[in-house]
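Observations on the model geometry
Spelled out, the chains give:
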Amino acid sequence: MIYGISYIALFFFVLFVGLVLGLSFYFARKTKSASSYYAAGGQIHWAVNGIAFAGDYLSAASFLGICGMIATFGFDGFLYSIGFLAGWIVALFLIAEPLKRLGKYTFTDALNSTFKSRAITLTAAISTLIVSVFYLIPQMVGAGDLVTPLLGFPHWVGVVLVGIVVIFIVASAGMTSTTYVQFIKGGLLLLLSLILTFYILKNGFTLNPGQNGQSYHQFITLAPSVENNKVVSAGDWNVVSQQEVKGKSFVKLEKDGVERWFNLVEKDGAYILKEALSIAESGKGSLLYNGLPKENAKFFQVGHMSKIIVDGKEVEKTGPVGPFEFLSTIEKSEIVRFAEAKFSDEGKKVTVYYQNVTSGKDFMLPGLKYKIGKGASIWSRLDFISLMLALFLGTAALPHILIRYYTVKSQRDARKSTILAIGAIGMFYVLTMFMGLGAAVNGVLDVESSNMAAPLLARAFGVILFSVISAVAFATILGTVAGLIIASSGAIAHDLLDNYFKLGLSDVKKVRAGKISAFVVGVFAIILGILFKGMNVSFLVGWAFSIAASANLPAILFLLFWKKTTAKGIAWSIATGVLSSLFIILTSPTMWDRYGLDPATAIHKLDNPAIISFPMAIIVAYVVSLITQTDNHKNIQQINLEQVDA
Amino acid sequence: MHHGPAVELGVDNASKKKARLGVWFFFLYLFFYGGFVAIGVLNYELLSQEIVAGLNLALFYGIGLIVFAVLLGILYNNYCSRFEDEMNKEEKTV
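None of the values given here were measured: they were computed from a predicted structure.

When helices and strands are tallied, chain B shows two helices and two strands. Of the regular secondary structure in chain B, the N- to C-terminal order runs α-β-β-α. Sorting the 94 residues of chain B into buried and exposed places 29% on the buried side. Considering only contacts in chain B between residues 6 or more positions apart, those separated by 24 or more positions represent 64%.

Written out as structure tokens, the structure reads:
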């Protein structure tokens with residue numbers, strides 16, 4: 001997409017980053033010991049913690065990714081909202097309280113408080129690191145996407161910027177500052193989502209969703225002459241070439257020296273050419289947007305309705321609509337989405353974004369991304385189940401979520417925090433449906449990245465709203481990345497260096513080791529954020545959930561609910577969960593595409609690994625524990641929480 | 001460096017009861033969540049049926065799962081607080 005710099009957005013951006021850094025410095029002065037660095041000394045109020053929980057959880061993935069995926073794939077994006085929220089149930093009902101009683105600073109400590117096992121220390125710290133890194137990738141990708149329209153910078157600049165700011169925050173302060181930052185940001189995100197939803201409903205629907213006084217781009221439709229499926233003429237356009245890509249036909253036409261791509265479709269026995277958007281990349285790296293250089297700005301935001309049906313009648317626009325009317329109108333109408341096709345033409349890499357007319361009925365059902373209806377393969381059904389399983393089980397096993405259980409005074413406070421968070425997050429997730437659908441029909445989508453749907457929708461309703469939302473989204477990423485880097489540095493400095501390698505560091509050296517670890521993880525996250533550019537961040541988060549669910553959750557559940565669990569059982573279970581989920585992800589069709597290979601040739605068809613890796617980790621924990629029962633007699637009393645309580 | 005919990009925790013006689021309630025609530029939610037996934041995989045067409053206010057079953061069920069999670073969370077908190085008040089109070093009087 002082609003964006004110019006927005007000075008108002010820049011103003012709010014600087015203001016928010018300044019606020020975040022100011023808070024960090026303020027609280028840094030209070031941070032003196034390792035205990036206050038990692039867990040805020042247990043002094044955070046439950047209500048602040050609850051909203052901070054929400055702030056933690058409503059990461060870039062929720063705000064940018066889910067809205068983007070709903071805008072692109074309809075209901076399939078909402079599956080993430082349902083699954084993310086449901087995951088809290090596992091966290092609250094099964095894990096929150098018992099873990100609080102066992103817990104110290106990190107997930108590894110919780111396991112080690114029962115088993116004094118070096119194997120667990122090692123595997124759990126590695127698992128925490130891997131999950132954190134996988135959760136960091138989408139945050140960084142989102143950061144890069146965010147600065148593009150916000151500041152007019154390229155993607156990589158945003159990634160580097162977030163990385164540097166967060167490393168600075170983490171190195172200068174600790175958990176206390178990020179809790180308050182997350183609190184402010186979580187509250188603002190909820191408020192702004194409500195305002196955006198209000199605007200969407202007030203705006204209603206129109207076939208011509210023009211923005212800021214400019215009408216929506218009118219896509220050209222031509223009636224060509226076709227012989228043997230080849231276009232031979234198309235009005236006053238010259239036919240240049242034709243490409244067949246995965247069952248779709250694309251035709252390059254020329255007029256007034258400008259070459260444009262069209263999609264050839266057959267409708268009711270007649271051929272038509274529908275204008276598509278295109279980006280052509282020459283070998284030298286120069287880009288042509290719709291056949292013209294970037295400076296001409298002939299590339300458009302998209303997403304519109306081709307039919308609006310109200311009370312059985314086709315209309316051009318509606319006035320303001322209620323929330324249920326909004327959803328039911330989309331279901332009865334017709335939406336134009338934009339699909340992507342890539343191919344080579346005259347030595348140039350061409351990406352075409354062509355119109356894909358979708359009935360509202362299909363858009364409001366699962367199936368556009370995760371095919372589960374008629375004709376769906378067993379793989380796609382398994383992928384759907386696997387995704388839902390990972391989202392359900394992943395939340396409770398995320399290291400940066402668990403760490404907040406230790407920042408309140410009592411179990412009752414931890415529970416109250418969690419419930420406040422569930423209420424806040426639940427409301428937000430219902431709103432994602434409206435924001436995502438609003439973006440789909442209001443001509444605001446950036447075809448190059450779905451992640452910017454919600455902020456770009458805000459821009460359609462006013463630059464102030466856009467700049468504030470962008471600033472909050474940026475702060476969202478900032479806070480989440482800070483939390484993850486703290487969890488990662490805790491795993492390295494505390495779990496690995498102190499507990500596993502027993503370096504016997506002093507308190508001061510421990511904090512220093514944490515800061516150096518934060519720097520290393522931050523740099524690594526920056527590199528990965530640049531490499532994964534263009535992917536939907538919710539999809540990437542799904543991977544982090546899959547690994548967390550497979551590696552950490554079986555270990556936690558066995559520890560809490562099965563007396564015969566042994567240290568070896570836990571360690572092997574974590575290792576199995578990490579390795580199996582990583583293997584399935586790295587050999588998935590999506591990663592095949594990233595490697596530049598044909599996704600169809602991937603060794604399996606699963607994008608989400610949990611359906612295989614989670615049961616494997618469970619079985620290993622059970623079997624290895626049974627085999628190693630002789631190790632268990634020392635630990636059995638500690639495992640039983642009831643005995644701990646007594 | 002001592003690495004104990006941030007705040008020391010007292011005796012909690014309600015722990016067992018709360019854990020049992022949590023497990024029950026978890027399975028209750030799992031039943032409905034699993035139901036949604038099962039309908040999607042086994043009887044996909046059912047999800048397109050209109051339920052109320054023009055919403056199809058997919059939307060109704062999906063939003064319903066979110067609301068149900070919030071309600072169940074509130075209920076759980078109330079029960080747990082009641083257990084703690086009752087059982088930990090008994091301890092003191094004994």
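This paragraph deals with the overall build of chain A. If you tally the helices and strands in chain A, you get 24 helices and 14 strands. The proportion of buried residues among the 646 residues of chain A is 58%. Of all intrachain contacts in chain A linking residues separated by at least 6 positions in sequence, the fraction that spans at least 24 positions is 76%.

This paragraph deals with the domain arrangement of chain A. All names here are of chain A. If you check the domain split of chain A, you get domain 1 (7-24 + 38-204 + 379-645) and domain 2 (221-376). At the junction of the two partners, domain 1 supplies 27 residues and domain 2 supplies 29 residues. Taken together, the elements giving at least two residues each to the side of domain 1 that touches domain 2 come down to helix H4 (60-73), helix H5 (75-102), helix H9 (175-203), helix H12 (378-394) and helix H14 (411-441). Tallied by class, the residues present in the side of domain 1 that touches domain 2 amount to 16 nonpolar, six polar and five charged.

What follows is about the confidence of the model for chain B. Residues and elements named next belong to chain B. Across chain B, the average pLDDT comes to 79, with 81% of residues at 70 or higher. This model gives residues 1-8 a pLDDT under 50, and the stretch forms 18 contacts once residues within four places in sequence are excluded. Here the complex is predicted with pTM 0.85, and the ipTM for its interfaces comes to 0.85.

Our next topic: the pairing of strand S4 (residues 238-245) of chain A. Put simply, side chains in a regular strand alternate between the two faces of the sheet. Residues and elements named next belong to chain A. Pairing of S4 with strand S5 (residues 248-255), which is carried by seven bridges, proceeds in the antiparallel orientation. Considered in S5, the bridge of Glu244 is made with Ser249. In this structure, the hairpin formed by S4 and S5 is closed by a connection of two residues, where Lys246 is found at a positive phi of approximately 45 degrees.

All names here are of chain A. Secondary-structure assignment places Tyr354 in strand S14 (residues 348-359). Given 24 C-beta atoms within a 10 Å radius, Tyr354 is considered buried. Along the backbone, Tyr354 and Pro320 are 34 residues apart, and their C-alpha atoms lie at a distance of 30 Å. Apart from residues no more than four positions distant in its own chain, Tyr354 is found in contact with Asn263, Lys274, Ala276, Phe338, Ala339 and Ala341.

Sheet architecture is open: five strands sit in the order S1-S7-S6-S5-S4 (chain A), paired in antiparallel fashion. Pairing within the sheet leaves two strands with one partner each, and these edge strands are strand S1 (221-222) and S4 of chain A.

Residues and elements named next belong to chain A. Within the open sheet, the seven strands sit side by side as S10-S9-S8-S14-S13-S11-S12. Their pairing is antiparallel. Looking at which strands have only one partner, the edges of the open sheet turn out to be strand S10 (292-293) and strand S12 (313-315). When strand S9 (residues 287-289) meets S10, the two strands line up antiparallel, connected through two bridges. Bridging from a neighbouring strand, Leu288 pairs with Pro293 of S10.

Here we come to the nonpolar core. Judged by nonpolar contacts, the single largest core of 222 residues is most densely connected at A:Ile425, A:Ala439, A:Ile570 and B:Ala69. Looking at which element gives the most residues to this core, the answer is helix H16 (residues 463-500) of chain A, with 21 residues. The residue makeup of this core includes at least three contributed by each of domain 1 (7-24 + 38-204 + 379-645) and domain 2 (221-376) of chain A. Non-local contacts of A:Ala439, meaning those with residues more than four positions away in its chain, are made with A:Cys67, A:Ala71, A:Gly303, A:Val444, A:Leu445, A:Ala453, A:Ala454, A:Leu456 and A:Leu457.

Let us now look at the pairing of S14(A). Residue and element names in this part refer to chain A. With five bridges joining them, strand S8 (residues 277-281) and S14 adopt antiparallel strand pairing. When the bridges of S14 are listed, Ser278 appears paired with Val352. Taken together, the 12 bridges between strand S13 (residues 334-345) and S14 define a ladder with antiparallel strand orientation. Considered in S14, the bridge of Val336 is made with Val357. Counted between consecutive antiparallel strands, the loop separating S13 from S14 contains two residues, among which Glu346 sits at a positive phi close to 50 degrees.

This paragraph deals with unusual backbone geometry. Residues and elements named next belong to chain A. In this model, Lys246 sits at a positive phi of 45 degrees, which is unusual for a non-glycine residue. In this structure, Lys246 sits in the loop between S4 and S5. Take Lys246: there are 8 C-beta atoms within 10 Å of it, and that puts it in the exposed class. The phi torsion at Asp311 lies on the positive side, around 50 degrees, for a residue other than glycine. Residue classification places Asp311 among the exposed residues on the basis of 7 C-beta atoms within 10 Å.

Residues spaced three or four apart along an α-helix face the same direction, because each turn holds 3.6 residues. All names here are of chain A. With 12 residues, helix H3 (residues 46-57) extends 16 Å from end C-alpha to end C-alpha; this agrees with the ideal 16 Å at 1.5 Å per step. In terms of burial, H3 is a largely internal element, 11 of the 12 residues being buried. Where H3 is concerned, the buried positions are Trp46, Val48, Asn49, Gly50, Ile51, Ala52, Phe53, Ala54, Gly55, Asp56 and Tyr57.

All names here are of chain A. Packing of helix H18 (residues 537-551) against helix H22 (residues 610-627) brings their axes to within 8 Å, and their N-to-C directions diverge by 20 degrees. Put simply, H18 runs roughly parallel to H22. Read as a crossing pair, H18 and H22 show a hand that is right-handed. From H18, Ser546, Ala549, Ser550 and Ala551 reach across to H22, where they touch Ala610, Ser613, Phe614 and Ala617. Tallied by class, residues from the contact of H18 with H22 come to five nonpolar, three polar and no charged.

Definitions and cut-offs
- Residues numbered from 1 in each chain as written.
- Chains lettered and ligands numbered in written order.
- Predicted model: local features only at pLDDT ≥ 70, side-chain atom pairs only at ≥ 80, totals over all residues.
- Helix = DSSP H or I, 4+ residues; strand = E, 2+ residues; numbered from the N terminus.
- Buried ≥ 20, exposed ≤ 12 C-beta atoms within 10 Å, placed from the backbone.
- Contact = placed C-beta atoms within 7 Å.
- Domains from an automatic or database assignment.
- Nonpolar A, V, L, I, M, F, W, Y, C, P; charged D, E, K, R; others polar.
- pLDDT = per-residue confidence, 0-100.
- Pairing = 2+ DSSP bridges.
- Core = buried A, V, L, I, M, F, W, Y, C linked by C-beta atoms within 7 Å.
- Expected span 1.5 Å × (residues − 1).
- Axes fitted to C-alpha atoms, helices over the stretch in contact; angles between N-to-C directions.
- Parallel < 35°, antiparallel > 145°, perpendicular 65-115°, else oblique.
- Left-handed = near helix turned anticlockwise from the far one by under 90°.

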